[in-house]
Structure formats: C-alpha cells, structure tokens
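Spelled out, the chains give:
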Amino acid sequence: MNMNKKFLIYVACGSAAASANLVKDRLSDLLKKRGIDAELKTMRVSEVPNTVRAKRPDLVIITAGSFSKGDLPADLPVLSGLPLMTMIGVDKFMQEVEQALHKVGD
C-alpha cells in the first residue's frame, strides 16, 4: 500500500448525524493506529451519489441499514459501518478497509 497517499473516505448515514460521526471518529482512530492517512467526511446517504460525482473518494462507508449502490461507480468500494457501531467484527472490518484502500493505493 502506498503509505504516502492520503485517502478520502466518505462516511454516510440516514441523517449525517450521530452514527456517521461515531463511525468516523472510531475509524479515524483505527486508521491512525495502522499508519494510514485519511480524510474522513460525513454526509447523508442521499448526498453520496452527487458528492461522489463531484469528488470521488477511495472508499464509502454506509451506516444506514439499507443502501443501493446503483448510483455509484461499480468499482467504488462500499462497506457497511455497522461493525464500528456495534464494535463486533471490527478486525474483519478493518481488514476489508485496508484491502479496499490497498487496491486504490497501488
């Protein structure tokens, strides 16, 4: 993985409030511990397609229960942020995050 790259990650929930900020804060800490530099932005799920068109991120994390990837580029990685809300399966989730970033970082 290109460790000099600063990654852009969008964290989205239904209202862009509590759950997205919780996931953003937890993810930020976990990325720092792994030496991964990333800018994290929160938004509503409904804002993701237009925001992605304006500035494509390296990864999108969705905390809302259901989400259709239909409006997003097929090769854009989208993960569920649920593990960071429940703190169950965090290690596996972070492996998926690193794999997604590794693909764009090369």
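The paragraphs below set out a description of the structure included in this document. Residue indices begin from 1 for each chain and proceed along its sequence in written order. In keeping with the model being predicted, local features are shown solely for residues with a pLDDT of at least 70 and side-chain atom pairs are shown and tallied solely at 80 or more, while totals for entire chains, interfaces and linings include all residues. Hydrogens and water molecules were not included; the side-chain quantities draw on all heavy atoms of the structure.

### Topic: the sheet that holds strand β3 (residues 59-62)
Formally: Paired strands, in this sense, are two strands between which DSSP finds at least two bridges. In this text, helices come from DSSP runs of H or I with a minimum length of four residues, and strands from runs of E with a minimum of two, each type numbered from the N-terminal end. Axes here refer to lines fitted to C-alpha atoms; in helices the fit is confined to the stretch in contact. Angles between the N-to-C directions go from 0 to 180 degrees.
Reading across from one edge, β2-β1-β3-β4 is the order of the four strands in this open sheet, with parallel pairing throughout. Each of the sheet's edge strands pairs with one partner strand only, and the pair in question is β2 (38-44) and β4 (78-80). Looking at each pair of strands side by side, their axes are set apart by 25 degrees on average, direction ignored.

### A short note on helix α1 (residues 18-33)
Quick note on the threshold: To estimate the expected span of a helix, subtract one from its residue number and multiply by 1.5 Å.
Taking 1.5 Å of rise per residue, the 16 residues of α1 would be expected to cover 22 Å, and the 23 Å separating its terminal C-alpha atoms lies within 8% of that figure. G35 sits one or two residues past α1 and shows a positive phi near 75 degrees.

### Remarks on the environment of E96
Stated precisely, the cut-off is as follows: For this analysis, a polar contact is any N or O atom pair within 3.5 Å, provided that within protein one partner can donate a hydrogen and the other can accept it, and provided that sequence-adjacent residues contribute only side-chain to side-chain pairs.
Mapped onto the secondary structure, E96 falls in helix α4 (residues 90-105). Side-chain polar atoms of E96 contact the side chain of K92, separated by 2.7 Å.

### Side note on the pairing of strand β1 (residues 7-13)
The condition is simple: Partly exposed residues are those whose accessible area sits between 20% and 50% of the maximum for their type, while under 20% is buried and over 50% is exposed, using a 1.4 Å probe and protein chains only.
Most of β1 is tucked away, with seven of its seven residues classed as buried. Burial along β1 is two-sided: the residues F7, I9, V11 and C13 and L8, Y10 and A12 are all buried. Two elements, β1 and β2, share seven bridges in a ladder whose sense is parallel. Across the sheet, Y10 pairs through a bridge with K41, a residue of β2. Where β1 and β3 come together, four bridges link them in parallel fashion. Directly across from V11, in β3, lies its bridge partner I61.

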